[in-house]
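# A closer look at the structure
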Amino acid sequence: MELYPINLKLAGRRCAVVGGGAVAARKVMLLMAVAAEVSVFSPVLTPGLASLVEARRLTWVPRAYNPGDLYSFFLVFCATDQPDANRQAAAEARAAGALVNCADAPELSDFYVPAHIVHGDLLITVSTGGGSPALARRLKEDIAARYGPEYGHYLALIAKLRPEIKGRLSTAKEREKFWRETIDHEALNLIKSGKFSEAEERIRHAACCTGPES
Ligand SMILES: C[C@@]1(CC(=O)O)c2cc3[nH]c(cc4nc(cc5[nH]c(cc(n2)[C@H]1CCC(=O)O)[C@@](C)(CC(=O)O)[C@@H]5CCC(=O)O)C(CC(=O)O)=C4CCC(=O)O)c(CCC(=O)O)c3CC(=O)O
Ligand SMILES: NC(=O)C1=CN([C@@H]2O[C@H](COP(=O)(O)OP(=O)(O)OC[C@H]3O[C@@H](n4cnc5c(N)ncnc54)[C@H](O)[C@@H]3O)[C@@H](O)[C@H]2O)C=CC1
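Note that this is a predicted model, so its numbers are computed, not measured. (Residues numbered from 1 in each chain as written. Chains lettered and ligands numbered in written order. Predicted model: local features only at pLDDT ≥ 70, side-chain atom pairs only at ≥ 80, totals over all residues. Heavy atoms only, no water.)

## Remarks on the site of ligand 1
Near ligand 1, the surroundings consist of 18 residues, among which Lys27, Asn101, Val113, Thr128 and Arg137 are the closest. With respect to ligand 1, the side chain of Thr128 contributes an N or O atom lying 2.4 Å from an oxygen atom. One nitrogen or oxygen atom from the side chain of Lys140 is found 2.9 Å from an oxygen atom belonging to ligand 1. When ligand 1 sits alone it has 1,100 Å² of accessible area, and the protein chains cover 67% of it. (Near = heavy atom within 4 Å. Polar contact = N/O pair within 3.5 Å; in protein donor to acceptor, adjacent residues only side chain to side chain. Areas by Shrake-Rupley, 256 points an atom, 1.4 Å probe, with all protein chains shown as cover.)

## A few points about the site of ligand 2
Taken together, 21 residues lie around ligand 2, and Gly20, Ala22, Val23, Arg26 and Tyr65 are the ones closest in. Arg26 places a polar side-chain atom, nitrogen or oxygen, 2.7 Å from an oxygen atom of ligand 2. Here an oxygen atom of ligand 2 sits 3.1 Å away from a polar atom, N or O, in the main chain of Val44. A total of 870 Å² of accessible area belongs to ligand 2 in isolation, and the protein chains cover 66% of it. With 4 residues, helix α1 (residues 22-33) is the single largest residue contributor to the shell around ligand 2. In terms of residue class, the shell around ligand 2 is built from 11 nonpolar, 6 polar and 4 charged. (Helix = DSSP H or I, 4+ residues; strand = E, 2+ residues; numbered from the N terminus. Nonpolar A, V, L, I, M, F, W, Y, C, P; charged D, E, K, R; others polar.)

## Describing the nonpolar core
Ranked by size, the top nonpolar core spans 19 residues in total, and within it Val17, Val28, Leu31, Val38 and Leu58 carry the most contacts. Taken together, the elements giving at least two residues each to this core come down to β1 (14-18), α1, β2 (37-41), α2 (47-54) and β4 (75-78). In terms of residue count, α1 provides more of this core than any other element does, 5 residues in total. In this structure, Leu31 is in contact with Leu10, Cys15, Val17, Ala36, Val38, Leu75 and Phe77, ignoring residues within four places of it in sequence. Within the second largest apolar cluster, 16 residues are counted, among which are Ala16, Tyr65, Ala90 and Ala105. (Core = buried A, V, L, I, M, F, W, Y, C linked by side-chain atoms within 4.5 Å. Buried < 20%, exposed > 50% of the residue type's maximum accessible area, 1.4 Å probe, protein only. Contact = heavy atoms within 4.5 Å.)

## Some details on the domain arrangement of the protein
In many analyses, interface size is given as the accessible surface area lost on bringing the parts together. For the protein, the domain assignment lists domain 1 (1-113) and domain 2 (149-210). Placing the centre of domain 1 and that of domain 2 at their C-alpha centroids yields a distance of 40 Å. (Domains from an automatic or database assignment.)

## Overview of the pairing of β1
Taken across its 5 residues, β1 has 4 buried, putting it largely inside the fold. The sheet contact formed by β1 and β2 spans 5 bridges and is parallel. What sits directly across from Cys15, in β2, is Val38. Considered for its hand, the β-α-β crossover made up of β1, α1 and β2 is right-handed. Bridge count for β1 against β4 is 4 bridges, and the pairing is parallel. Of the residues in β4, the one forming a bridge with Ala16 is Val76. (Pairing = 2+ DSSP bridges. Right-handed = clockwise from strand over helix to strand, strands pointing away.)

## Let's talk about the sheet that holds β4
Pairing in this open sheet of 5 strands is parallel, and the strands run β3-β2-β1-β4-β5 from one edge to the other. With partners counted over all chains shown, the strands left at the sheet margins are β3 (59-61) and β5 (99-102), one partner each. Neighbouring strand axes in the sheet, compared pairwise and without regard to direction, differ in orientation by 15° on average. (Axes fitted to C-alpha atoms, helices over the stretch in contact; angles between N-to-C directions.)

## Some details on unusual backbone geometry
For Ala35, which is not a glycine, the phi torsion comes out positive at approximately 65°. A positive phi angle, close to 60°, is found at Arg56, a residue other than glycine. When you line up the elements, Arg56 lands in the loop between α2 and β3.

## Here's the deal with the confidence of the model for the protein
The predicted model of the protein has a mean per-residue pLDDT of 94, with 98% of residues at 70 or higher. Both scores are given for the predicted complex: the pTM is 0.94, the ipTM 0.97. (pLDDT = per-residue confidence, 0-100.)

## Quick look at the packing of aromatic side chains
Throughout the structure, instances matching the rule amount to 4 aromatic pairs. With centroids separated by 4.9 Å and ring planes inclined at 70°, the aromatic side chains of Tyr147 and Tyr151 adopt a geometry described as edge-to-face. For Tyr147, a relative accessible area of 31% translates into the label partly exposed. (Phe/Tyr/Trp six-rings, centres within 6.5 Å; stacked < 30°, edge-to-face > 60°.)

## Some thoughts on helix α3 (residues 83-95)
With 13 residues, α3 extends 18 Å between its outermost C-alpha atoms, agreeing within 8% with the 18 Å of an ideal straight helix rising 1.5 Å per residue. When we look at burial in α3, the residues that qualify are Asn86, Ala89, Ala90, Glu92 and Ala93. Contact partners of the buried residues in α3: β1, β4 and β5. Directly after α3, the chain includes Gly97, whose backbone phi takes a positive value near 95°. (Expected span 1.5 Å × (residues − 1).)

Following this line, the structure appears as structure tokens:
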């Protein structure tokens, strides 16, 4: 195993993307989705990136990367179509202490972006360690067909009820047993049919019937 699985909080963090093509755009969109503060260094942008600049949601430095650009970022993506520029940017960013992703050189990257499915706070990711991004994408599609948006609603309900259940069941052991038994298909089926309050009641009711003796 080479990769440590970790999910980063990037809200408000300064992140840089070097390059403004299709790959850079994919990385930028994801950074924006998690409210990172994003700067793009590239002479040319995709139309999608250009409209984000116009909406003032993105800082654009409209030129090729220059040494010295990357001294103050937490995370840096090097995603130009020029291998030498990517290498130089990656080396500078790493020397400055940033975590680096080099789009055309996995061996120069500190981390990879996994294929992912998002439903609210539910994040399902697939990594192939850089071995086959196409396989990661395919597996993601298979998983997405199995775990739809209802799981996001289910998670939101469980997360809402967790503090209440924590108050009712006094030990961690009881809570662990409760949640292992309560996360079942019945509540999920209720959510699938739009019966949110019935699903909530089902979980609350289960908590009433659980106690130290059960
Ligand atoms: C190492 C990594 C670095 C990183 O970018 O983080 C990396 C590297 C490279 N990708 C390349 C090609 C492709 N990348 C994709 C797609 C995705 N690539 C993503 C991640 C990663 N790509 C990281 C490893 C993740 C892992 O494996 O765990 C995904 C999962 C996430 C995202 O980028 O958002 C996203 C899925 C989007 C989705 O879910 O839909 C497709 C498929 C397609 O587009 O249909 C192809 C063409 C088919 C193929 O090559 O498999 C090449 C060029 C190879 C060449 O020159 O031929 C390199 C460089 C190299 O390998 O040397
Ligand atoms: N990691 C991944 O998921 C994938 C990576 N790749 C790799 O990523 C690279 C980029 O792919 P695309 O976005 O499709 O290329 P592209 O040709 O669409 O875009 C390249 C961008 O880099 C900019 N650029 C060129 N030189 C620059 C410099 N010195 N400084 C700043 N910006 C510069 C250009 O203006 C352009 O916006 C490819 O060379 C390929 O090796 C390709 C597919 C997937």
